Amino acid sequence: MVHKSADQNLLGELRSVLGDRARDGDFELGLYSKDGSVLEGNPMIVCLPVNTEEVQQIVRICRKHDRPFLARGSGTGLAGGAVPVGDPVVIATAKMNKILEVDLQNRIAWVEPGVLNLDLSRELSPLGFHFAPDPSSQQVCSIGGNVANNSGGPHCLAYGVTSAHVVAIEVVLPDGRIAVLGDLTAETPGYDLRGIFVGSEGTMGVATKIAVRLTANPPEIRTLLLDFADVRDGAATVSAIIAAGLIPAALEMMDQRAIEIVEAFVNAGYPTEADAVLLVELDGLPGGVEHGVEVVRAVAARHHVGSVRVAADDAERDLLWKGRKNAFGAVARIKPDYYLHDTVVPRGKLVEVLEKVYRIADAHDLIAVNVFHAGDGNLHPILAYDSKEKGVLERVHAAGRAIITASIEAGGVLSGEHGIGLEKRDYMGMLFSAHDMATQDLVREAFDPDGLANPLKVLPSGSRCSDSFGQHVPDGAWV
Amino acid sequence: MTQPEAMQQEVDQFAKDVGASDPVTVIGGKTHWQVGGLPEPETREVRAPAGIWAHEPEEMTVRCGAGTTLGQLSEELARHGQMVPFDMDVNATVGGVLAVGRSGFRRLRYGHVRDLVLQIRHIDHRGKIVSSGGPTVKNVSGYDLCRLLVGSLGKFGCIAEVTLRCLPIPETTRWFTGSLDPFELHEKLYRPSSILWNGLQVWVCLEGVASDVAAQAAPFNFEEVTGPPPFPNVGRLSVEPKDLERHVASSKSACLAEIGVGIIHTNEVVHPPSIPDVNLSLMRDLEERLDPKGRLNPGRQVLN
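Reading the values: the criteria
- Residues numbered from 1 in each chain as written.
- Chains lettered and ligands numbered in written order.
- Predicted model: local features only at pLDDT ≥ 70, side-chain atom pairs only at ≥ 80, totals over all residues.
- Heavy atoms only, no water.
- Domains from an automatic or database assignment.
- Contact = heavy atoms within 4.5 Å.
- Buried area = accessible area lost by both parts, 1.4 Å probe.
- Salt bridge = Lys/Arg side-chain N within 4 Å of Asp/Glu carboxyl O.
- Polar contact = N/O pair within 3.5 Å; in protein donor to acceptor, adjacent residues only side chain to side chain.
- Helix = DSSP H or I, 4+ residues; strand = E, 2+ residues; numbered from the N terminus.
- Nonpolar A, V, L, I, M, F, W, Y, C, P; charged D, E, K, R; others polar.
- Phe/Tyr/Trp six-rings, centres within 6.5 Å; stacked < 30°, edge-to-face > 60°.
- Buried < 20%, exposed > 50% of the residue type's maximum accessible area, 1.4 Å probe, protein only.
- Lys NZ or Arg CZ within 6 Å of the ring centre and 35° of its normal.

Asks: So, the domain arrangement of chain A: which residues are in play, and what are the values?
Replies: All names here are of chain A. The assigned domain composition of chain A is domain 1 (8-92), domain 2 (99-216), domain 3 (220-328), domain 4 (335-409) and domain 5 (435-472). Of note, the centres of domain 3 and domain 4, computed from C-alpha atoms alone, are 22 Å apart. Between domain 3 and domain 4, the residue contacts involve 17 residues of the former and 20 residues of the latter. Summed over both sides, the interface of domain 3 with domain 4 buries roughly 1,600 Å², with 66% coming from carbon and sulfur. Across the contact surface, domain 3 and domain 4 share one salt bridge. Across the pair Glu-355 and Arg-232 runs a salt bridge, and its minimum N-O distance is 3.7 Å. At the junction of domain 3 with domain 4, the criterion picks out eight residue pairs in polar contact (both at pLDDT 80 or more). Among the secondary structure elements, those contributing two or more residues to the side of domain 3 that touches domain 4 are helix H8 (231-243), strand E13 (250-255), helix H9 (256-266) and helix H12 (327-330). Sort the elements by how many residues they give to the side of domain 3 that touches domain 4 and H8 lands first, with six residues. Broken down by class, the residue content of the side of domain 3 that touches domain 4 amounts to eleven nonpolar, one polar and five charged.

In structure tokens form, the structure reads like this:
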């Protein structure tokens with residue numbers, strides 16, 4: 001792809017602040033033109049600031065030149081939220097990766113946005129704490145990205161998503177001012193600006209420091225692997241566990257195809273002949289965990305469980321989780337590319353929607369693999385394909401739309417944890433009225449009246465009052 | 001008429017009640033009526049619809065009219081062994097609790113009330129219905145306006161209908177008291193539901209299965225009590241958890257601190273803290289955009 005050549009005045013000004021950390025070489029522009037989605041954009045310049053002051057200067061310079069900008073963490077987002085549209089300046093936070101302070105008395109840590117999710121939990125572990133959101137990409141995704149997307153992960157079933165774990169955020173607003181949204185006190189005075197910023201996908205400014213809540217490590221953890229000869233029994237077990245008044249720390253499901261792929265990849269002893277497995281984790285005090293194990297066993301027995309395997313030690317537990325968390329990568333064993341959806345449906349509708357997913361994939365001559373957060377009804381149907389096949393992307397998109405439609409018809413939502421970004425913004429109208437979206441845009445606009453912060457994301461063009469780029473299909477985004 | 005149609009009719013009626021022109025204020029249970037100041041005299045009063053509209057125990061969600069009282073809500077949920085841990089006056093309404101945005105005394109374990117909100121339908125200044133969030137337990141579709149509505153005292157809109165996340169009622173709930181160091185307790189106990197401290201005496205709420213609660217309490221010289229002590233209710237101070245000790249020590253009247261949370265209930269008048277200028281300008285801008293004529297709950301102030 002041909003990148004628009006950099007505005008030399010803009011580049012010069014950025015270089016006067018950042019030196020050679022303002023770049024327009026083909027390598028960087030190529031690297032930052034994509035994220036974890038199938039979309040591709042066109043950055044004009046890539047900046048690698050090291051502190052808040054530099055981010056502020058970048059934003060001010062961009063404003064002066066009327067140039068859009070886009071903050072980017074590790075680029076693992078799956079909805080195109082970090083795909084640069086409108087020839088923006090990309091503000092990559094990779095060099096802002098310090099854990100600034102661990103404040104045990106307040107049970108928070110101040111971190112820079114480029115700190116990786118798992119690095120933070122590893123750092124906190126000797127102190128007896130961790131950062132609860134744990135997306136599958138946690139080895140590489142950044143805390144700043146987690147804030148932008150309000151990320152989840154398997155353990156948010158019991159612990160809640162990122163928003164519940166971020167108490168304050170230092171932000172460079174789109175007009176270049178610096179604000180701290182939220183604070184370390186229990187009830188921040190005024191309106192909850194922190195709450196609306198989390199999950200706003202970089203459209204309300206750039207997070208430069210984040211105060212995250214520390215969660216105490218549980219004294220006891222038990223991980224169970226349950227296999228079922230019929231996926232319907234597995235799904236019914238999910239609902240029945242929750243209905244029995246038990247909220248496991250995590251409750252994950254894999255279908256037959258996922259089990260096969262994952263087992264070939266990690267050799268964790270996943271039962272490849274099963275139609276579905278559930279990975280159930282219980283944590284807390286010993287009595288509650290023991291009680292939970294009994295409830296899970298009893299409920300599963302009523303739903304024709306095959307075998308129940310309890311991880312004997314941390315190594316076995318880690319191996320089981322390794323399988324789950326690497327499932328997406330393992331899909332490459334059957335097809336080189338995949339497209340992942342993230343809808344949420346009521347738990348009671350899991351079976352019905354799963355069956356539709358298989359039918360939709362068949363109808364579009366695609367392979368569907370399901371590995372997902374069953375406990376909170378968060379489906380992650382993977383459509384595996386080979387991008388070299390002619391016309392395959394059209395089929396992938398048509399199938400995706402059908403899956404989203406089926407999920408929303410079942411009383412679900414568009415996205416559970418990956419965000420809307422670019423990829424799903426034109427589906428927002430399936431969930432919200434024009435007036436709902438116009439109201440959302442009023443709020444976004446209070447933060448960014450000129451529409452310079454990560455333009456064209458989240459809301460479809462028509463609903464944005466200040467959309468200066470205003471096309472239905474954004475210029476410069478290719479699939 | 002089906003139930004969804006009946007519910008829609010009630011929300012539509014509430015939208016008509018709120019209307020689009022004159023100043024209007026929403027009444028809940030009036031249990032926190034003074035928070036943010038009283039509405040201007042003679043402001044027209046409206047009430048949000050009441051009633052449990054859907055409770056699906058296996059989904060652990062409940063959808064109700066914002067005028068539903070906490071008493072009604074907990075009675076319905078308890079039938080299925082569930083709760084929404086608001087911990088407030090049974091006459092308070094769900095919409096009122098969210099508009100005020102204060103958490104109950106078990107926040108240490110259950111978190112802020114805003115984290116229990118999944119979906120809100122509110123009536124905006126033009127009398128139109130706005131939906132935000134989503135009905136499922138997990139959702140990141142679109143900007144989460146629910147966050148702005150919680151604690152907004154109705155300045156951004158009148159909450160009509162709410163979907164909340166429910167939790168299982170713990171098998172055992174026990175309260176203990178003693179003359180112990182509350183900070184040491186906070187360090188040693190795993191996920192206590194509440195630790196309250198008046199500077200001399202501590203009250204602890206432990207929940208879970210009976211054996212865990214007993215084992216957690218055993219090492220301490222506790223006396224079992226039936227519940228928390230009365231809360232001083234003149235003022236409410238919000239500080240960093242690490243500063244609680246200093247504030248309690250300097251308190252001139254009776255007070256009760258929520259350890260690990262940072263709330264102090266006191267019998268002194270508390271002046272709201274100031275808001276930094278940049279934040280204040282953003283917040284005023286939001287007020288201007290979401291209610292340009294200032295017709296929603298005039299007189300009440302979130303920003304001082």
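Asks: Tell me about the domain arrangement of chain B, residues and numbers included.
Replies: Residues and elements named next belong to chain B. Looking at chain B, the domain boundaries give domain 1 (3-168) and domain 2 (172-266). Between domain 1 and domain 2, the C-alpha centre-to-centre distance is 29 Å. Counting residues at the interface gives nine residues for domain 1, matched by 16 residues for domain 2. Carbon and sulfur atoms make up 54% of the area that domain 1 and domain 2 hide from each other, which totals about 1,100 Å². Its largest share of buried area at the contact with domain 2, domain 1 owes to Phe-105, Leu-108 and Arg-109, together 66% of the area lost on that side. Taken together, the connections running from domain 1 to domain 2 amount to one salt bridge. If you look at where domain 1 meets domain 2, you find five residue pairs in polar contact (both at pLDDT 80 or more). Looking at the side of domain 1 that touches domain 2 residue by residue, the class counts come to three nonpolar, two polar and four charged.

Asks: Give me the lowdown on the packing of aromatic side chains, citing residues and values where you can.
Replies: Working definition: an aromatic ring pair is given by the centre-to-centre distance plus the angle between the planes. Counted by the stated rule, this structure contains seven aromatic pairs over all chains. Arranged with centres 5.6 Å apart and planes meeting at 20°, the rings of Phe-105 of chain B and Phe-231 of chain B form a pair that is stacked. Residue Phe-105 of chain B is found in the loop between helix H3 (94-100) and helix H4 (107-110), and its partner Phe-231 of chain B is found in the loop between strand E13 (223-225) and strand E14 (235-238); the two are separated by 126 residues along the sequence. Measuring from ring centre to ring centre gives 5.4 Å for Phe-220 of chain B and Phe-222 of chain B, while their planes differ by 45°; the resulting arrangement is tilted. In this structure, Phe-220 of chain B and Phe-222 of chain B share a single accessibility class: buried. One aromatic cluster is present, formed by Phe-105, Trp-175 and Phe-231 of chain B through successive ring pairs. Note that Lys-325 of chain A overlies the ring of Trp-321 of chain A, its terminal NZ or CZ placed 5.8 Å from the centroid. Here the basic side chain of Lys-30 of chain B rests over the ring of Trp-33 of chain B, its NZ or CZ set 4.5 Å away from the ring centre.

Asks: Kindly report on the interface of chain B and chain A, identifying the contributing residues and their values.
Replies: In this assembly, 68 residues from chain B lie in contact with 84 residues from chain A. Counting the surface lost from both chain B and chain A, the interface buries some 6,100 Å², and carbon and sulfur atoms represent 61% of this. The largest contributions to the chain B side of the interface with chain A come from Lys-138, Tyr-143 and Tyr-190 of chain B, which together make up 16% of the buried area. Linking chain B with chain A are five salt bridges, by the criterion used here. Here Asp-103 of chain A and Lys-242 of chain B are joined by a salt bridge, their closest N and O atoms 3.7 Å apart. Looking at the side of chain B that touches chain A, the elements with two or more residues in it are strand E7 (129-133), helix H5 (145-149), strand E9 (167-168), helix H6 (182-188), helix H7 (210-217), E14 and helix H9 (277-290) of chain B.

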